[in-house]
Structures are given as structure tokens and as C-alpha cells.
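Chain by chain, the residues run as shown.
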Amino acid sequence: MPNLTLAERLLYSTVKLTASKAGVSVSTGTGFFMYFAKDDDRFFPAIVTNKHVVNGADQITAICHFADGNKPSGKFVACNMAIAPGSYIEHPESGVDLCAIPMGDIMNQANDA
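Computed from a predicted model, the values in this text were never measured in an experiment.

Draft legend 1. Up close: the sheet that holds strand 2 (residues 24-37). One open sheet accounts for 7 strands, arranged 5-4-1-2-3-7-6; its pairing is antiparallel. Only two strands of the sheet have a single neighbouring strand rather than two, namely strand 5 (71-82) and strand 6 (89-90). Bridge count for strand 2 against strand 3 (residues 43-49) is 6 bridges, and the pairing is antiparallel. The residue bridging phenylalanine 36 from the neighbouring strand is phenylalanine 44, located in strand 3.

Draft legend 2. Main features of unusual backbone geometry. With phi around 55°, alanine 22 is a residue other than glycine that occupies positive phi space. The topology assignment puts alanine 22 in the loop between strand 1 (14-21) and strand 2. We classify alanine 22 as exposed; its relative accessible area is 68%.

Draft legend 3. Broad picture of the nonpolar core. Judged by nonpolar contacts, the single largest core of 17 residues is most densely connected at Ile60, Ile83 and Ile101. Looking at this core, the elements that each hand over two or more residues are strand 1, strand 4 (59-68), strand 5 and strand 7 (99-102).

Draft legend 4. A look at the packing of aromatic side chains. Tallying each qualifying case throughout the model produces 1 aromatic pair. Summarising the aromatic geometry, the rings of phenylalanine 36 and phenylalanine 44 are spaced 5.6 Å apart at their centres and angled 25° between planes, so their arrangement reads as stacked. Residue classification places phenylalanine 44 among the buried residues on the basis of a relative accessible area of 18%.

Draft legend 5. The arrangement of the pattern of salt bridges in detail. Summed over all chains, the structure comprises 1 salt bridge. The partner of aspartate 39 in a salt bridge is arginine 42, and the shortest N-O contact between them spans 2.9 Å. Since its relative accessible area comes to 32%, aspartate 39 is described here as partly exposed. Residue arginine 42 is classed as partly exposed on the basis of its relative accessible area, which comes to 48%.

Draft legend 6. Representation of the side chain of threonine 49. As for its position among the elements, threonine 49 is in strand 3. A distance of 2.8 Å separates the side chain of threonine 49 from the backbone oxygen of threonine 30, its partner in a polar contact. The residues contacting threonine 49, other than those within four sequence positions of it, are Leu17, Thr30, Gly31, Val54, Asp97, Leu98, Cys99 and Ile101.

Draft legend 7. Inspection of the state of the cysteines at higher detail. Under the criterion given, the structure shown has 0 disulfides. Unpaired in terms of disulfides, cysteine 64 finds its nearest cysteine sulfur in cysteine 79, a separation of 4.0 Å.

Draft legend 8. Spatial organisation of the confidence of the model for the protein chain. For the protein chain, per-residue confidence averages 84 on the pLDDT scale, and residues scoring 70 or more make up 81% of the total. The secondary-structure element of the protein chain with the lowest mean pLDDT is helix 3 (residues 104-112), recorded at 63, while helix 2 (residues 51-54) shows the highest, at 95.

Draft legend 9. Fine view of the pairing of strand 4. For strand 1 and strand 4, the ladder comprises 5 bridges, and the chain directions are antiparallel. Note that in strand 4 the partner of leucine 17 across the bridge is alanine 62. Where strand 4 and strand 5 come together, 9 bridges link them in antiparallel fashion. Each residue of the ladder has a partner; that of threonine 61, found in strand 5, is asparagine 80.

Here is what the cut-offs are and how they apply
Residues numbered from 1 in each chain as written. Predicted model: local features only at pLDDT ≥ 70, side-chain atom pairs only at ≥ 80, totals over all residues. Heavy atoms only, no water. Pairing = 2+ DSSP bridges. Helix = DSSP H or I, 4+ residues; strand = E, 2+ residues; numbered from the N terminus. Buried < 20%, exposed > 50% of the residue type's maximum accessible area, 1.4 Å probe, protein only. Core = buried A, V, L, I, M, F, W, Y, C linked by side-chain atoms within 4.5 Å. Phe/Tyr/Trp six-rings, centres within 6.5 Å; stacked < 30°, edge-to-face > 60°. Salt bridge = Lys/Arg side-chain N within 4 Å of Asp/Glu carboxyl O. Polar contact = N/O pair within 3.5 Å; in protein donor to acceptor, adjacent residues only side chain to side chain. Contact = heavy atoms within 4.5 Å. Disulfide = S-S within 2.5 Å. pLDDT = per-residue confidence, 0-100.

Shown next, in the form of C-alpha cells:
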């Protein structure tokens, strides 16, 4: 994205999240894309968001924005992922309201759209 400003690049690194339980929306928030190291050679993609966004939910919907080469396309896809205790990684300090949701399922849905 060489023609975009830093602010414009950061705009497309975030994602809108809607958390629901039994099909009813219980919270909304944003997350940002991050890669975490498993070891020196392997990484896994995740969405970092707030714990309070996912707590009590059984599904997360991420609204992903497609790129058109080096620019935004204006096209979006809703990607759904089941969420349960243990399916995301909470920050180890209880007072820190952050968690990471592994996003392999979301990436597969976006690629299939």
C-alpha cells in the first residue's frame, strides 16, 4: 500500500467485531490483526480485542475489508467464528482487558468469499 498514509494503512488493519449469544448481539468492538510467534519459525494470525467484547459470547462476527491491489476495494465480508472459553487467549493479568482470537477460521472464510 505504498500510496496510502500511515493513518490510512492502520485503518485497514482493524476489524469490526460483533459478539453474539444464541443469535442475539451482546456486544460490539474492534480488533486489530496481529501475528504471534509460536517459535522461531512459526507464527499464527490473531485478532487482538478486549476481553469484555468476547466474554459471554458463543460467536464472533468479524467484518473484513478486501483490498483491491494496493487500495481499499469498498467490499466487505462477514466472517463468523464460534467462541468459547479456551478458544481465545486472555491476557494473563486479570486487570488487563485484552485477548487474542486465533483467526485461521476467519481467514479461510474470507478467502472463500
